[in-house]
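# Survey of secondary and tertiary structure
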Amino acid sequence: MTIAAASSRRTTTALLVGPAALFFLLLLILPLIVVVIYSFGERGPAGGYAPAFTFANYADLPSRGKAFLNTLTLAPLGTLLCVVIAYPLAYFLALKVSDRWRTLLLVLVIVPFWTSQLLRIYAWLLILGHKGIPSLLALIGFGEVRLVNTPFAVLVGMVYGYLPLMVFPIYVSLEKLDRRLIEASADLGANPWRTLWQVTLPLSLPGVATGSLLVLILLMGEFIIPAFLGGGKVFFIGNALVDLFLQSRNWPLGAAVSLGLVGIMLVTIVIYMRFVIGRGSERRMALM
Amino acid sequence: MRWYASVIYFVLYLPIAIIVIYSFNSGRYAMDWQGFSFQWYFKAFADPFAMQSLRTSLTVGLWTAFLATIIGTLAAIGLERMRGWLRQVFDGLIYIAIMVPGVVIGIATLIAFVTVFNAVNPALAHMFGDHAPKLHMGIPTIIGAHVLFNLAVVILIVRSRLAGMDKSLIEASEDLYATPFGTFRQVVLPLLAPAVIAGFLLSFTFSFEDFIIAFFVAGPNNTLPIYIFSSIRRGITPEINAIGTVVLVVSLTLLITAQFLLRGDTRRTAGGKAAA
């Protein structure tokens, strides 16, 4: 290629990528930098931001400790429940269903996930509300049961909302698993439980790890589920952020809280990559 | 096993069924069945606030889908030609845009817009005097924030299609003396079409259903999800169910079309590979 041709090729590439680069720069990189700057500022007299350089907002993070605590306990718990509930379903879809039905059943898992989360969580508000399950419980003799505005309701919403996202990675890792290994295990006299525990489960761990990372990250940034099902009682970092930015208008503290959230997510991703996903693939290598 | 799966499918569809069923309730309380009626649909379509927010959501969704698809497709093609650290930076940005939670994207873009407006508005006032145009939050700011996160989605979809594309077709076109633009228009674009259309439909749906980002940058405007959110906060009538049912039907139609296009897409590339 001549020099002129190479440079015109470079110009074309720059023109193609340019608009997207501009968007990322103006609406992702710059805003995140501004958030970092704000987090060292002070609350303005009428709310908002006033320039300053102080660590007070970071020192003040414990004032939102409850939100951090709720997020850091309920999000992992929700992820764990998702794994426990999704695994048998993924196993069923990957190994027990005939090819004819599999595609349809897979599509049916993902369809609710694609519909508006706002509406699905609203529906759970109706189901768990006093005209829903509590009224059925009252019929069989339980007195006043209150489900909405409890950690239980938030957990139900989280598991319901993110179950499809857990089913898929586990399904994929089970589906591409070599069936002959299961047969070999049975031929060598292992009962089905032992085969599941010693062959199938370890081989599908990469799927479990990917799914839980995805779900955990998304759950930590959740706003709608705790807002509806937790009432004002069970709130997450996302809810604290909406309050700080739109109601109490303490933007510098809000900036610090949002950086805290992003920081926790990054640490989670790094830990997962290093220990869980990394070790899972090593084990797979060892088995091969 | 089968029982277990049935129970899960039942629970997955129960909430959706409840929204749809109670949208036909003639009573005015969401969970109190009084008889069959279409009245909440008529009420919803006669509600000026609901219709205004629907119009806003449609405008935002169409512009978002349009811009994200064009910019994203161009970027995916450009990235394919790029090598080295710049491309890695770009890949990193795409994953950041997808991984950073909506709440934080909403906050960051809100702060950025406000900062820019606070800097620009006094200058505008100085230049144009009393009748100066004043920048503020509105439909364009929602579109901007929505394009950002859909851009990443479109790039990923189009790029996976590009990666599965048979490069010999492009070489053949060049050998037959097509200009680069001719090759693009007559070979690359038709091959990319399913991914581009799927990207458009997905961007529209994500934008149409997004609540949290719009909540921060909408200013005084209501998108449909913001309207639904505040209606649920105020108290529930089956009108929300009626609107919700319409939204469900529309977005499911679009999503199933998108999935269909992408599936046909993988089948064709698989077939192409098998033939080769």
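Residues numbered from 1 in each chain as written. Chains lettered and ligands numbered in written order. Predicted model: local features only at pLDDT ≥ 70, side-chain atom pairs only at ≥ 80, totals over all residues.

## Focus: the overall build of chain B
For chain B, the count of helices and strands is 11 helices and zero strands. Along the chain direction, N to C, the helices and strands of chain B fall in the order α-α-α-α-α-α-α-α-α-α-α. Overall, chain B is about 70 × 70 × 30 Å in size when its C-alpha atoms are taken along their principal axes. Considering chain B as a whole, with its 276 residues, one finds that 41% of them fall into the buried category. Counting contacts in chain B only where the partners sit at least 6 residues apart, residues at least 24 apart contribute 78% of the total. (Helix = DSSP H or I, 4+ residues; strand = E, 2+ residues; numbered from the N terminus. Buried ≥ 20, exposed ≤ 12 C-beta atoms within 10 Å, placed from the backbone. Contact = placed C-beta atoms within 7 Å.)

## A look at the overall build of chain A
Within chain A, the regular secondary structure consists of 12 helices and two strands. Traced from its N-terminal end to its C-terminal end, chain A shows the element sequence α-β-β-α-α-α-α-α-α-α-α-α-α-α. For 288 residues, the compact-globule estimate of 2.2 N^0.38 gives 19 Å, and the C-alpha radius of gyration of chain A, at 24 Å, exceeds that figure by more than 25%. Projecting the C-alpha coordinates of chain A onto the three principal axes gives extents of approximately 80 × 75 × 35 Å. (Rg over C-alpha atoms; globule rule 2.2 N^0.38 Å.)

## Overview of the domain arrangement of chain A
For chain A, the domain assignment lists domain 1 (1-29) and domain 2 (64-287). Once you take the C-alpha centre of each, domain 1 of chain A and domain 2 of chain A turn out to be 40 Å apart. (Domains from an automatic or database assignment.)

## Considering the nonpolar core
Grouped together as the largest cluster of nonpolar side chains are 150 residues, with contacts concentrated most on Ala90, Val167 and Leu229 of chain A together with Ile107, Leu148 and Leu151 of chain B. For this core, the element with the most residues is helix α7 (residues 151-175) of chain A, which contributes 14 residues. There are two domains that each give this core at least three residues, and those are domain 1 (1-29) and domain 2 (64-287) of chain A. Beyond its immediate chain neighbours, meaning those up to four positions away, Leu148 of chain B contacts Phe23, Leu27 and Leu28 of chain A together with Ala97 and Ile105 of chain B. (Core = buried A, V, L, I, M, F, W, Y, C linked by C-beta atoms within 7 Å.)

## Structural notes on the packing of helix α3 (residues 65-96) of chain A against α7 of chain A
All names here are of chain A. The interhelical angle for the contact between α3 and α7, taken along N-to-C directions, is 40°, at an axis separation of 6 Å. With respect to α7, the element α3 is oriented oblique. Seen along the crossing, α3 lies across α7 with a hand that is right-handed. (Axes fitted to C-alpha atoms, helices over the stretch in contact; angles between N-to-C directions. Parallel < 35°, antiparallel > 145°, perpendicular 65-115°, else oblique. Left-handed = near helix turned anticlockwise from the far one by under 90°.)

## What about the packing of helix α5 (residues 117-128) of chain A against helix α1 (residues 2-22) of chain B?
Each packed pair of helices is defined by two parameters, the angle between the axes and the distance between the axes. In the contact formed by α5 of chain A and α1 of chain B, the axes pass within 9 Å of each other and the chain directions differ by 85°. By the angle between their axes, α5 of chain A is roughly perpendicular relative to α1 of chain B. When α5 of chain A is examined against α1 of chain B, the residues Leu119, Arg120, Ala123, Trp124, Leu126 and Ile127 of chain A are found in contact with a partner set consisting of Pro15, Ile16, Ile18 and Ile19 of chain B. Within the contact of α5 of chain A with α1 of chain B, the residues separate by chemical class into nine nonpolar, no polar and one charged. (Nonpolar A, V, L, I, M, F, W, Y, C, P; charged D, E, K, R; others polar.)

## Topic: the interface of chain A and chain B
Between chain A and chain B, the contact holds 48 residues from the first and 58 residues from the second. Secondary structure elements with two or more residues in the side of chain A that touches chain B: α1 (3-38), α3, α4 (99-114), α5, α11 (237-247) and α12 (251-287) of chain A. Tallied by class, residues from the side of chain A that touches chain B come to 36 nonpolar, nine polar and three charged.

## Topic: the confidence of the model for chain B
Here chain B averages 82 in pLDDT, while 95% of its residues score no lower than 70. With a pTM of 0.83, the predicted complex shows an ipTM of 0.82. (pLDDT = per-residue confidence, 0-100.)

## Side note on unusual backbone geometry
Positive phi, close to 50°, is recorded for Arg249 of chain A, a residue that is not glycine. On the secondary structure map, Arg249 of chain A appears in the loop between α11 and α12.

## What about the environment of Pro45 of chain A?
Secondary-structure assignment places Pro45 of chain A in the loop between β1 (42-43) and β2 (49-50). The spacing of Pro45 of chain A and Leu241 of chain A is 196 residues in sequence and 19 Å in space, taken between C-alpha atoms.

## With respect to the environment of Arg55 of chain B
Mapped onto the elements, Arg55 of chain B comes out in helix α3 (residues 48-81). Along the chain, Arg55 of chain B and Ala123 of chain B lie 68 residues apart, while their C-alpha atoms are 33 Å from each other.

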